[in-house]
Amino acid sequence: MAHPERVASAASLRAMERILAARGLQAVPEARDDDSREANPGDRQWHHRARAEYALNRWDAATPPRYRDAEATLPEVAAWADRALADNAAAGALLLTGQTGTGKTHEAYGALRRIAAGGPDRFEVIAMNSADMYGRLRPSQVMGAAERELRRLSEVQFLLLDDLGTAKVSEWTEEVTYRLFNYRYNFCLPTIITSNLPARDEHGPDLTDFVGARVASRLAEMVTSLVPMIGTDRRRGGRAA
Ligand SMILES: Nc1ncnc2c1ncn2[C@@H]1O[C@H](COP(=O)(O)OP(=O)(O)OP(=O)(O)O)[C@@H](O)[C@H]1O
Ligand SMILES: [Mg+2]
């Protein structure tokens, strides 16, 4: 026999349904199948997909056509991206070094794509070639434009600085590089750097020579994943230069 309370509550529910139906309302939402859940904004997966779509659109906007198909193919690059997705502040920097055409920029954009596809809560990214960056940061006629640009690059959630070390070193490049990295270091902001220069080379030019000792010291702590890329120039179809 059915429990008396349950019978009573079933009866009162039917009564309520009759009252609501008389007013053209429905008490119980229609049973939903899996397809209709896709359109339900309350659904966690729906939110996750919406975040990924939003982030991937931003990734698209920040990515030049050459790297539209970029993917993080190396396990250490994918692992860094996963850490950055899980905890921005713990990711630190990813440093990709190696000779020209070995796929550094491809992996860098691939890492950002992987983060975006993971559906982050927030996804702001600036990707810039370092030579372009120094060009934009030169004091210009427009009052304060260079300072504003430096602030934008310093504060953005994800920064990809491509080809660091190609500009000619000067006191000015060292100062700008210091200000940028010091900010990102202090605020634990995830940063991706690519460079033709090795991180360290006792017999030749290395990244330390370019950025200066104070930035190098910060980078040593920031870089959680150093990926030296080897191989021949992919632009020449893998043939030696
Ligand atoms: N894993 C990959 N799969 C397919 N194509 C790739 C891959 N890695 C790189 N490429 C392609 O090879 C070419 C060279 O790659 P990329 O531009 O990333 O090299 P790089 O190391 O950044 O070179 P540089 O030091 O000259 O900037 C590009 O056309 C890129 O799209
Ligand atoms: Mg490159």
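An account of the accompanying structure is given in this report. Position labels on residues start from 1 in each chain and follow its written sequence. Key to labels: chains lettered from A, ligands numbered from 1, both in the order written. Side-chain atom pairs in this predicted model are given and counted only at pLDDT of 80 or more, local residue features only at pLDDT of at least 70, and totals for whole chains, interfaces and linings cover all residues. To obtain the side-chain values, all non-hydrogen atoms of the structure were included, while hydrogens and water were left out.

### Brief notes about the site of ligand 1
(1) Moving on: Near ligand 1, the surroundings consist of 15 residues, among which Tyr67, Thr100, Gly101, Lys104 and Thr105 are the closest.
(2) Moving on: His106 places a polar main-chain atom, nitrogen or oxygen, 2.8 Å from an oxygen atom of ligand 1.
(3) Moving on: We define a polar contact as two N or O atoms separated by no more than 3.5 Å, with the added condition that, inside protein, one atom must be a possible hydrogen donor and the other a possible acceptor, whereas residues neighbouring each other in sequence contribute only through side-chain atom pairs. Arg234 places a polar side-chain atom, nitrogen or oxygen, 3.4 Å from a nitrogen atom of ligand 1.
(4) Moving on: Per-residue accessibility takes into account occlusion by the displayed protein chains alone, with areas from the Shrake-Rupley method and a 1.4 Å probe. Look at ligand 1: alone it shows 620 Å² of surface, and the protein chains cover 79% of it.
(5) Moving on: Put simply, Ala, Val, Leu, Ile, Met, Phe, Trp, Tyr, Cys and Pro go in the nonpolar bin, Asp, Glu, Lys and Arg in the charged bin, and everything else, Gly too, in the polar bin. Its residues assigned to classes, the shell around ligand 1 shows one nonpolar, nine polar and five charged. In this text, near means that some heavy atom of the residue lies within 4 Å of the molecule or strand in question.

### Focus: the packing of aromatic side chains
(1) Moving on: For this analysis, a ring pair means two rings from Phe, Tyr or Trp (six-membered ring only for Trp) whose centres lie within 6.5 Å, classed as stacked if their planes differ by under 30 degrees, edge-to-face if by over 60, and tilted for the remaining angles. Inspection of every chain in the model, using the stated rule, returns five aromatic pairs.
(2) Moving on: Geometrically, the ring pair formed by Phe123 and Phe158 is tilted, given 5.5 Å between the ring centres and 40 degrees between the ring planes. Remark: Phe158 occurs in strand S3 (residues 158-162) and Phe123 occurs in the loop between helix H6 (104-117) and strand S2 (125-129); sequence separation between them is 35 residues. Both residues of the pair, Phe123 and Phe158, belong to the buried class.
(3) Moving on: Ring centres of Tyr134 and Phe210 lie 6.3 Å apart, and the angle between their planes is 65 degrees; this geometry places the pair in the edge-to-face category. Of the two residues, Tyr134 is situated in helix H7 (residues 130-137) and Phe210 in helix H10 (residues 207-211); the sequence distance between them amounts to 76 residues. Like Tyr134, the residue Phe210 is buried in the burial classification.
(4) Moving on: Ring-pair connections join several aromatic residues into one group, and the members of that group are Tyr134, Trp172 and Phe210.
(5) Moving on: Taking NZ or CZ as reference, Arg218 lies 5.9 Å from the ring centre of Tyr185, over its face. What counts as a helix is a DSSP run of H or I of at least four residues, what counts as a strand is a run of E of at least two, and both are numbered from the N terminus. A 1.4 Å probe rolled over the protein chains alone gives each residue an accessible area, and that area as a share of the maximum for its type sets the label: buried under 20%, exposed over 50%, partly exposed in between. Only Lys NZ and Arg CZ are tested; either one counts as a charge over a ring when it is within 6 Å of the ring centre and within 35 degrees of the ring normal.

### Some thoughts on the sheet that holds strand S1 (residues 93-98)
(1) Moving on: We treat two strands as partners when DSSP finds at least two bridges between them. Read from one edge of the open sheet, five strands run S2-S3-S4-S1-S5, paired in parallel fashion. Since the sheet does not close on itself, it has two edges, and those belong to S2 and strand S5 (223-229), each with one partner. Within this sheet the neighbouring strands show an average axis-to-axis angle of 10 degrees, counted without direction.
(2) Moving on: Pairing of S1 with S5 involves six bridges; the strand directions are parallel. Within S5, the position partnered with Thr97 by the bridge is Pro228.
(3) Moving on: Lying over the sheet, helix H8 (residues 145-155) contacts S2 and S3, oriented at roughly 115 degrees with respect to S2. Comment: axis = line fitted to C-alpha atoms, over the contacting stretch for helices; angle = value between 0 and 180 degrees taken between N-to-C directions. Between two residues, a contact is recorded if the distance between any of their heavy atoms is within 4.5 Å.

### Some points on helix H3 (residues 44-62)
(1) Moving on: Expected helix span is given by 1.5 Å per residue-to-residue step, counting one fewer step than there are residues. Taking 1.5 Å as the rise per residue, H3 with 19 residues should run 27 Å; its terminal C-alpha atoms sit 27 Å apart, in good agreement.
(2) Moving on: Turning to H3, its buried residues are Ala52, Ala55 and Trp59. End-on view of H3: buried residues confined to an arc of 75 degrees, all on one side of the axis. Exposed positions of H3 whose direction lies more than 90 degrees from the buried face are Glu53 and Ala61.
(3) Moving on: Of the surrounding elements, those touching the buried residues of H3 are H6.
(4) Moving on: Structurally, the start of H3 carries an N-cap: the backbone nitrogen of Gln45 is 3.1 Å from a side-chain oxygen of Asp43. To be clear, the arc concerns the directions from the helix axis to the C-beta atoms.

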